[in-house]
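# Summary of the model geometry
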Amino acid sequence: MSDLASYEAKIQSAASAADLDALELEIFSRKHGALTLAMKDLTALPPAEKVKKGQELNRSKQTLTDALATRRNELSQKSLGALSSEDKLDVTLELPPKPRGHLHLIPEFIRQVEEVFGRMGFEVAEGPELESEKYNFNDLNIPDTHPARDSQDTFWISDIKEKLPPDKKFVMRTHTSNMQIRFASTHKPPFRIICPGRVYRKDSDATHSPMFHQFEGMMVGKDVSLANLKGVLVTAMRELIGRDVEFRFRTGFFPFVEPGLEMDMMWQGDESESREGKWLEMGGCGMVHPNVLKNCGIDPDEWQGFAFGFGVERPLMIKHQIPDLRSFYHGDLRFLRQF
Ligand code: DAH
């Protein structure tokens with residue numbers, strides 16, 4: 001018993017949490033603990049003494065348990081106090097700047113397109129890149145014999161045929177114009193949409209890639225005119241490319257517009273080039289062909305509209321003087337970090 005009483009003092013003067021653990025074992029260990037052994041000894045005592053001694057042992061158990069908890073608490077407070085006075089943080093220390101990522105040129109430009117046209121009331125519409133012939137060609141008034149359907153340009157999808165409806169032909173969309181049909185055939189005019197996205201053609205050299213980006217626009221209303229088309233495009237392109245850029249419109253042929261136009265941009269490149277040599281084609285546009293409206297269930301006598309389809313990479317190449325289109329897709333950080 002005296003043995004047990006001495007433990008209280010030992011606990012109170014313990015210098016570390018490890019010392020406390022050792023003491024706890026000495027007292028409470030299941031096999032050799034001082035208290036455990038004392039409890040075992042009870043069995044040999046006569047009943048009256050057994051009760052008395054048992055109560056005494058229970059009191060010691062409580063006292064020692066409490067003493068352990070109190071000392072543990074004291075020691076941990078001490079060590080926290082030491083931490084706060086010894087470990088100092090110098091908040092004035094200057095750290096090297098953390099490198100920050102940024103958007104790739106292409107999604108960045110697409111965001112700007114959505115923003116600029118969004119301010120003019122155009123809503124963003126997106127659609128599939130694997131497209132049926134109907135949306136990519138037929139309903140856009142592109143006849144079976146049109147050269148754009150030629151296998152030279154179009155990726156016809158045949159090897160996953162069993163997963164696609166058997167009565168339809170599929171392509172990787174060759175332009176974002178598919179969205180004209182998808183949107184116009186499911187919405188009532190008036191509407192204005194802008195549709196950025198990836199398109200695919202069998203082409204690959206410094207200025208052509210088998211995958212590139214376009215943005216399509218379409219506005220349908222009661223009296224939408226060529227003047228509206230010109231106003232919208234020139235305003236938007238000035239914002240996207242630069243205030244002082246000069247534009248011109250030429251007639252061009254696209255089966256889904258009538259009249260069809262091409263928009264050129266004068267670029268401020270090499271002084272040695274003639275002015276004529278500096279006109280660069282940006283994209284096609286025009287007044288939506290009545291057949292296209294009809295194919296979408298819209299009455300061309302009541303509604304009219306304009307449409308345009310522009311590339312994303314081309315204006316970026318001019319703006320940043322990027323000679324090879326393929327640099328956009330290599331993911332080379334030395335290229336990407338320049339912008
Ligand atoms: N889809 C055409 C192409 O990829 C571009 C185009 C021309 C889109 C005229 C139009 C348009 O909406 O009106 O070459």
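Our structure is the block above this text.
Residues numbered from 1 in each chain as written. Predicted model: local features only at pLDDT ≥ 70, side-chain atom pairs only at ≥ 80, totals over all residues. Heavy atoms only, no water.

## Quick word on the overall build of the protein
When you go through the protein residue by residue, the secondary structure sums to eleven helices and ten strands. The globule rule puts the C-alpha radius of gyration for 339 residues at 20 Å, and the 40 Å found for the protein is more than 25% above it. For the protein, the spread of C-alpha atoms along the three principal axes comes to 115 × 55 × 40 Å. For the protein, buried positions account for 40% of its 339 residues. Residue pairs in contact within the protein that sit at least 24 positions apart in sequence constitute 63% of those at least 6 positions apart. Of the roughly 19,900 Å² that the protein leaves accessible, carbon and sulfur atoms contribute 53%. Looking at charge distribution, the protein has the averaged site of its 44 positive side-chain charges lying 6 Å from that of its 51 negative ones. (Helix = DSSP H or I, 4+ residues; strand = E, 2+ residues; numbered from the N terminus. Rg over C-alpha atoms; globule rule 2.2 N^0.38 Å. Buried < 20%, exposed > 50% of the residue type's maximum accessible area, 1.4 Å probe, protein only. Contact = heavy atoms within 4.5 Å. Areas by Shrake-Rupley, 256 points an atom, 1.4 Å probe, with all protein chains shown as cover. Lys, Arg positive; Asp, Glu negative; His and termini not counted. Charge placed at Lys NZ, Arg CZ, Asp CG, Glu CD.)

## Some thoughts on the pattern of salt bridges
Using the criterion set out here, one finds 14 salt bridges in the structure. Note that Arg71 is salt-bridged to Glu74, the shortest N-O span being 2.5 Å. Highlighted residues: Arg71 and Glu74, both in helix H4 (residues 47–86), separated by three residues, approximately one helical turn. On the accessibility criterion, Arg71 (12% relative accessible area) is buried. Accessibility expressed as a relative area gives 40% for Glu74, which makes it partly exposed. (Salt bridge = Lys/Arg side-chain N within 4 Å of Asp/Glu carboxyl O.)

## A word on the nonpolar core
Membership of the largest hydrophobic core comes to 40 residues, with the highest contact counts inside it found for Phe117, Phe215, Met237, Phe306, Phe308 and Phe328. Contributions of two or more residues to this core are made by helix H5 (105–119), strand E6 (211–221), helix H8 (226–241), strand E8 (257–266), strand E9 (279–288), strand E10 (304–311), helix H10 (313–320) and helix H11 (333–336). Among the nonpolar cores identified, the runner-up in size contains 23 residues, and Leu140, Met179, Met218 and Val288 belong to it. (Core = buried A, V, L, I, M, F, W, Y, C linked by side-chain atoms within 4.5 Å.)

## Brief notes about the packing of helix H3 (residues 34–41) against H4
Where H3 contacts H4, the two axes come as close as 10 Å, and the packing angle between them is 170°. Considering the angle they form, H3 stands roughly antiparallel to H4. As H3 packs across H4, the resulting crossing turns out to be left-handed. In this structure, H3 contributes Leu35, Ala38 and Met39 to the contact, and H4 contributes Leu57, Asn58 and Lys61. (Axes fitted to C-alpha atoms, helices over the stretch in contact; angles between N-to-C directions. Parallel < 35°, antiparallel > 145°, perpendicular 65-115°, else oblique. Left-handed = near helix turned anticlockwise from the far one by under 90°.)

## Overview of the site of the ligand
Near the ligand, the surroundings consist of 15 residues, among which His175, Ser177, Arg201, Gln214 and Glu216 are the closest. At a separation of 2.9 Å, a nitrogen atom of the ligand approaches a polar side-chain atom of Ser177. In this structure, an oxygen atom belonging to the ligand sits 2.9 Å away from a side-chain N or O atom of Gln214. Protein chains shield 90% of the accessible area of the ligand, which is 360 Å² for the free molecule. A molecule is said to occupy a pocket when more than half its atoms come within 2 Å of that pocket's grid points, and by this definition the ligand occupies the largest pocket. (Near = heavy atom within 4 Å. Polar contact = N/O pair within 3.5 Å; in protein donor to acceptor, adjacent residues only side chain to side chain. 1 Å grid on protein atoms, 1.4 Å probe; cavity = no way out; pocket = protein on both sides within 12 Å on 5 of 7 lines; lining within 4 Å. Sits in = over half its atoms within 2 Å of the grid points.)

## With respect to the sheet that holds E9
Here seven strands make up an open sheet; going across it, the order is E1-E5-E6-E10-E9-E8-E7 and the pairing mixed. Edge positions in the sheet fall to strand E1 (123–124) and strand E7 (246–251), since each has one partner strand and no second. Two strands pair when backbone bridges link them, and strand E5 (residues 191–200) and E6 are joined in this way by ten bridges, in the antiparallel orientation. Its bridge partner lying in E6, Phe191 is registered against Val220. Packed on one face of the sheet, H8 meets E6, E7, E8, E9 and E10 and runs near 30° to E10. In this fold H10 packs onto E6, E8, E9 and E10, with an angle of close to 150° to the strand it touches most, E9. (Pairing = 2+ DSSP bridges.)

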